[in-house]
Amino acid sequence: MASQMDFTSETLFRDPATEIAKLRAHGPVVATRFPIVGRVWVTTTYDTTVQVLKDSSTFTLRKEGGALAGLRWWMPKFVAALATNMLTMDEPDHTRLRSIVDEAFRRRAVLDMEPHIRAIADHLAGELFALGSPADLVQRYARMLPLSVICELLGLPAADRPKFIAWANTTTNLTSAFGFLRMLGGMRKMRRYLESRLQVAREQGGEGLIAELVRVGSEGGRITPDEMVSMVFLLLGAGSETTTHLISGSGFELLKNPDKRDWLAADWSRAGLAVEEFLRFVSPVQFSKPRYVRRDVELGGVRLKKNDRIMVMIAAANLDPAAHPHPDRLDLERRPNRHISFGTGIHFCLGHQLARIEAICALQALFTRWPKLRLAVEPSEIHWRRRPGIRMIEKLPVVAGD
């Protein structure tokens, strides 16, 4: 029997552990309906989630013949073109595209960027209340840091960042036909913009990952023009949006729990350990992309049929008591921490190092500059956007404190 759950509800985002436990009670794999995707199986445990992510021959992103599991027949063609990236590819195309962007990332030496990321975070923290108090920690800080970093990494002009913020805001509410059409408009504009930046890189060269991707492609990397646009679209979106909500979600938890904030501020060498727990507990990315079941298979004692669709619920795996003792508790000293917020298997997140560095720098810069920072409203007054699949705080008003 299908389980009915509202994956856009405030109740789910406010208390995911309780709501996911209710879903898990129906079984390790549950039939349900997901917004836009439609009827789909959902994993609710750590083991079933990992099994799907690692078995890329049984659970594939594309159907035999190439159809993408997450696309619907009524979606415009340009959406399919933007979806032609390594996140939506099975082997061997996944390895082909991943090797191209891996090479570009190696040339940029992401780990060497930490001092610069820290400097950007320090500057943004200092400017937090430049437009007045209270300040929205999401828009004034959590969004600006990863967006600044990924724009620099890609080689995009700083003057264009307001465009990216506007486009990103079109993706935050997908609960209605209007919201989806608004998102399509933003995606269309972004595609045209990225095509123009790639053309500039082909003609003039330059610095940044866009120029590096063009150079790698010209040196023999097999990548089509559509794949190049889609790759940059993926890097820009994945490199900023999810980290935005990791930073804001982590900041919210520390603002709610002053004792944990004080523990962290007493020794910032603990920040790496704390960020791993925020990745598990906040789980900004709640779901993977839909996959096709390529053959009849049993998963968690549930029989799935060929051509069924399945989505792994990363948040459920991260809150599974079988994998994490007392998963509903935020434990900044948790060891071991087996979260899978970056996925696992061949699609393990390319930007995991960058996201970790940004989160560490963001929290340290913020609470060092504003050690008495506090919420301007009660925690119960904080709301989440109704975006299925991503846990994002709408606004996080803060004041400097006494």
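The structure under discussion appears in the preceding block.
Quick summary incoming for the structure in this document. Owing to the predicted nature of the structure, the values given are computational and were not obtained by experimental measurement.

In this section: the packing of aromatic side chains. This structure, assessed with the given rule, holds six aromatic pairs. Seen from their ring centres, Phe252 and Trp384 are 5.8 Å apart, and the 70° between their planes marks the pair as edge-to-face. Within this pair, whereas Phe252 is found in helix H13 (residues 241-256), its partner Trp384 is found in the loop between strand E9 (374-375) and strand E10 (397-399), the two being separated by 132 residues in sequence. The same class applies to Phe252 as to Trp384, namely buried. Members of the aromatic cluster, connected to one another through ring pairs, are Phe7, Phe34 and Phe287.

In this section: the nonpolar core. Counting residues in hydrophobic clusters, the biggest one holds 87 residues, and the most contacted among them are Leu128, Tyr141, Leu145, Leu154, Phe278 and Leu373. Per element, the largest residue contribution to this core is 11 residues, and it comes from helix H17 (residues 352-369). Contact partners of Phe278, with chain neighbours within four places excluded, come to Leu246, Ser250, Glu253, Leu254, Ser283, Leu330, Leu332 and Leu363. Counting 19 residues, the second-largest nonpolar core is a separate cluster that includes Val29, Val50, Phe59 and Val312.

Before going further, it helps to spend a moment on the pairing of strand E8 (residues 309-312). Where burial is concerned, the two faces of E8 agree: the one with Arg309 and Met311 and the one with Ile310 and Val312 are both buried. Inspection of the sheet shows strand E2 (residues 38-43) paired to E8 by three bridges, in the parallel sense. Residue pairing across strands places Val42 opposite Met311, the latter belonging to E8. In this structure, strand E5 (residues 291-293) lies alongside E8, joined through two bridges in antiparallel fashion. Within the sheet, the bridge partner assigned to Tyr292 lies in E8 and is Arg309.

With respect to the helices, strands and loops of the structure, His26 is situated in the loop between helix H2 (16-24) and strand E1 (29-34). In this structure His26 comes out as exposed when scored by relative accessible area, which is 52%.

Conventions we followed
Residues numbered from 1 in each chain as written. Predicted model: local features only at pLDDT ≥ 70, side-chain atom pairs only at ≥ 80, totals over all residues. Heavy atoms only, no water. Phe/Tyr/Trp six-rings, centres within 6.5 Å; stacked < 30°, edge-to-face > 60°. Helix = DSSP H or I, 4+ residues; strand = E, 2+ residues; numbered from the N terminus. Buried < 20%, exposed > 50% of the residue type's maximum accessible area, 1.4 Å probe, protein only. Core = buried A, V, L, I, M, F, W, Y, C linked by side-chain atoms within 4.5 Å. Contact = heavy atoms within 4.5 Å. Pairing = 2+ DSSP bridges.

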